[in-house]
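Fold and geometry: a report
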Amino acid sequence: MKRIGSIEINVHLKDTETKRFNNENKSKQFTLPIPNGELKDWADKEAIQTDRERFGPGENGKRVIIKNQAEKDLEKRLYRFNGFNALVSEKISVNRSVPDARSEKCKQRKYLAKLPSVSVILIFYEEHFHTLLRSIHSIINRTPKELLHQIVLVDDYSSKESLKAPLDGYISEHFPPIIKIVRNQKRLGLIGARLAGAKSSTGEVLVFFDSHIEVNYNWLPPLLEPITINSKICTCPLVDGVAHNDFKYRIHRNGARGGLNWRFSYKQLPLFPEDKIQSNRCHIEDPVMMGGLFAISKAFFWDLGGYDDGLDIWGAEQFELSFKIWMCGGMILDVPCSHVAHIFRGPMDERPSPRDFNFLTRNQKRVAEVWMDEYKQYMYMRDPEYAETDAGNLTRMLAVRERLKCKSFDWYMKTVAYDFLIKYPPIDPPSYANGAIQSLKYMQYCLDTMGEREGNRVELYPCAKSLIWPHDNQNWVLSADRVLAARHENLCLNIGKHTNERDMPVWMWKCVNGTYNNQFFYYDRKHNWLVHGQHTHLCLEVIRENGKPQVVANECISSRRRQRWKFGTVNNTMLDNFFHNMPTNKNNKNISPRYYDYDSAN
Ligand code: UDP
Ligand code: MN
């Protein structure tokens, strides 16, 4: 395994510095002026009222359950192929009504009477026919005619027959002639498909959407107004959810700030108090867009060079575009008065990779090389694969950065994304042990969060390639707080009150600073034990339940190989002193909090 050579540590924000950035530097790039010009109430009140009178399965965003046993097989098959319940989708009208997601304040808001026209770009690959149609119908039904210049559908070389002649036929029969279909002659992936769509678009503003969405009432004017005021603003709607199992429309009222950790994972942190949606602010400055749904001036998009066309298939494009928007004089705003729902997929059959190389790592390296300056090393030091990856030719994007005199990544991190810099320090604070945790009895298995949230049990899953630099789901840390936490989530391993019960479940809960009762862990190197509890002790153990390996806690027994674990990296010096300076009571204020309690601050 190759390791990156020298790593300079030159980015470390002290607390006082962060406060200074908080107060003085906070995104002063633009203050959005009050719109200047005639205002108009854009909401189509009549259509909203008519929608309220619709009835039938799934209307008003209600859920639909399939009860007919004869359809269960088909339901399962379609679900697995699409990652959502496509049979339920077929039971629901393509014109279904949705719950009005707007707050009372948003309903009262007027927007500039003169707004630019848009090209809505929907890219699709093997999309479920009926669901694609609902996306288009919702746009046609809920977008002012005078603003909707065109809808550009990009078929990314799908093989499904329904997406060929039947789609063409449906469109010419049911929709006005503003719909254009671009058919890729080979599979380009999400990035290439969006670029192809953008090249065919003639509206003043481009709106990018996934192909399984439903727009909410009056979604467009709030997105367009900021762009009208300043064409270097990119806007994002608040993304509601359509549940993948029953198609219930779930309104998301609270936004979040998007950003990244040092493994190129998209992360969200709570809004700042002044950005709370209940407050009067119409816009939230967002360091990294969620990626699937956004609006941007066509001229600005092309001025930024579009997406880097060296990015292949999907991955890292949301970072690329977000970094360059901010660094090159623009701004990303989330607009809480605009709601668009997206179907977040559930479990599905894996599709074969369209490439025989790791395009994701390559994409990430391209973005790091062009935009992240000295910070790129914090990515590289966490995954040796970057060193072995050829990023390809970067001249076109480097020239964009040069031409637009874009600011440094240091400026971006410290001014725009400083809360991420605090939550995810470039250099991890010292810890007793970290990395993947491998079972020494069943060596193919490692502890894994399975991407689950708090309240779930920790599970076992085949180990990452590198125990030292595993992916997020297997990246654990026995932190200075003496808790065993998923490094990039606020998730700590927990065991209930110790009893004589056998095979106690091991849960993941929010890390609680300085309260050691249920989250205290020790790594006993002599026995390779992961010991839970400060006063009474239980050891993590692998058992087989119905043939499936499970993590439980039991009395520590040195002859049991099932209780032995290996950590990716162990800090022996620190572990030698583990029991020195132990806090004696749970209210001890000297305990340094490793985890910022963002969730409770929200
Ligand atoms: N897509 C595409 N080509 C691909 C992969 C995806 O055009 O090779 C489209 C896909 O149909 C969808 C969008 O890109 O409209 C985003 O992909 P997806 O919805 O699978 O991502 P998710 O939202 O699940 O993260
Ligand atoms: Mn999607």
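Just above, that's the structure.
Keep in mind that what you see is a predicted model, and the values were worked out from it rather than measured. (Residues numbered from 1 in each chain as written. Chains lettered and ligands numbered in written order. Predicted model: local features only at pLDDT ≥ 70, side-chain atom pairs only at ≥ 80, totals over all residues. Heavy atoms only, no water.)

**Quick word on the overall build of the protein**
Short version of the rule: Helix and strand assignments come from DSSP, with helices taken as H or I runs of at least 4 residues and strands as E runs of at least 2, each series counted from the N terminus. Partly exposed residues are those whose accessible area sits between 20% and 50% of the maximum for their type, while under 20% is buried and over 50% is exposed, using a 1.4 Å probe and protein chains only. Any two residues whose heavy atoms approach within 4.5 Å are treated as being in contact. For the accessible areas, the method is Shrake-Rupley and the probe is 1.4 Å, while residue cover comes only from the protein chains on display.
What the protein contains, in helices and strands, is 18 helices and 27 strands. Across the 602 residues of the protein, 55% fall into the buried class. Across the protein, every contact between residues at least 6 apart in sequence was considered, and the portion connecting residues at least 24 apart equals 78%. When the accessible surface of the protein is summed, it comes to about 26800 Å², and 50% of that surface belongs to carbon and sulfur atoms.

**A closer look at the coordination of the manganese ion (ligand 2)**
This is how the line gets drawn: Water is not part of the atom set, so a site may look incomplete; the donors themselves are N, O and S atoms within 2.8 Å of the metal, or 3.2 Å for Na, K and Ca.
Distances from the manganese ion (ligand 2) to its protein donors, Asp 210 (OD), His 212 (NE2) and His 342 (NE2), fall at 2.1 to 2.3 Å. Read N to C, the donor residues that coordinate the manganese ion (ligand 2) are spaced as D-x1-H-x129-H. Separated by 132 residues along the polypeptide, Asp 210 in the loop between strand S6 (205-209) and strand S7 (213-215) and His 342 in strand S14 (residues 331-343) bring together distant segments of the chain. Like His 342, Asp 210 is buried.

**Digging into the state of the cysteines**
We apply this condition: For this text, the term disulfide refers to a pair of cysteine sulfurs within 2.5 Å.
By the definition in use, this model includes 5 disulfides. Between Cys 539 and Cys 556 runs a disulfide, and the two sulfur atoms are separated by 2.2 Å. A torsion of 100° about the S-S bond marks the disulfide between Cys 539 and Cys 556 as right-handed. A residue pair is termed long-range when its members are at least 10 positions apart, and Cys 539 in strand S25 (residues 538-545) and Cys 556 in the loop between strand S26 (548-554) and strand S27 (565-570) qualify at 17 residues. Exposure class is identical for Cys 539 and Cys 556. Each is buried. Once the disulfide-bonded cysteines of the protein are ranked by sequence position, their pairing pattern turns out to be 1-3, 2-4, 5-6, 7-8, 9-10. The structure places no disulfide on Cys 234, whose sulfur is separated from the nearest cysteine sulfur, that of Cys 236, by 4.8 Å.

**A look at the nonpolar core**
The condition that has to hold: Residues grouped as a nonpolar core are buried Ala, Val, Leu, Ile, Met, Phe, Trp, Tyr and Cys residues, joined through side-chain atoms within 4.5 Å.
By size, the foremost hydrophobic cluster in this structure holds 63 residues, and its most contacted members are Trp 262, Ile 296, Phe 323 and Tyr 412. It is helix H11 (residues 317-327) that provides the largest number of residues to this core, a total of 6 residues. Core analysis: the second largest hydrophobic core is formed by 40 residues, Trp 42, Ile 213, Trp 219 and Val 239 among them.

**Section: empty space enclosed by the protein**
We apply this condition: Residues are said to line a cavity or pocket when one of their atoms sits within 4 Å of a point; the points come from a 1 Å grid over protein atoms alone, cavities being sets where a 1.4 Å probe fits but cannot get out and pockets being open sets with protein on both sides within 12 Å along at least five of seven lines. Grid points are joined across faces, edges and corners, and a volume is the space filled by probe spheres set on the points.
Applying the stated criterion across every chain, the model contains 4 cavities of 30 Å³ or more. For the second largest cavity, the calculated volume is near 60 Å³. Arg 263, Arg 382, Asp 428, Asn 434, Ile 468, Trp 469, Pro 470, Asn 475, Arg 487 and His 488 are the residues that line the second largest cavity.

**Observations regarding the site of ligand 1**
Inclusion rule: Whether a residue is near a molecule or strand depends on its heavy atoms: if one lies within 4 Å, it is near. For the purposes of these results, a polar contact is taken to be a pair of N or O atoms within 3.5 Å, where, inside protein, one atom must be able to donate a hydrogen and its partner to accept one; residues adjacent in sequence count only when each atom of the pair is a side-chain atom. Each residue is assigned to one of three groups, with Ala, Val, Leu, Ile, Met, Phe, Trp, Tyr, Cys and Pro labelled nonpolar, Asp, Glu, Lys and Arg labelled charged, and all others, Gly among them, labelled polar.
Close contacts around ligand 1 come from 13 residues, with Ile 123, Asp 156, Arg 187, His 212 and Arg 345 the closest. Take Asp 210: an N or O atom from its side chain is 3.0 Å from an oxygen atom of ligand 1. Taking Ser 211, its side chain carries an N or O atom lying 3.0 Å from an oxygen atom of ligand 1. With the chains in place, 77% of the 520 Å² that ligand 1 exposes on its own is no longer accessible. Examining the composition of the shell around ligand 1, we find that 3 residues originate from one element, helix H8 (residues 189-199), more than from any other. Looking at the shell around ligand 1, its residues break down into 5 nonpolar, 4 polar and 4 charged.

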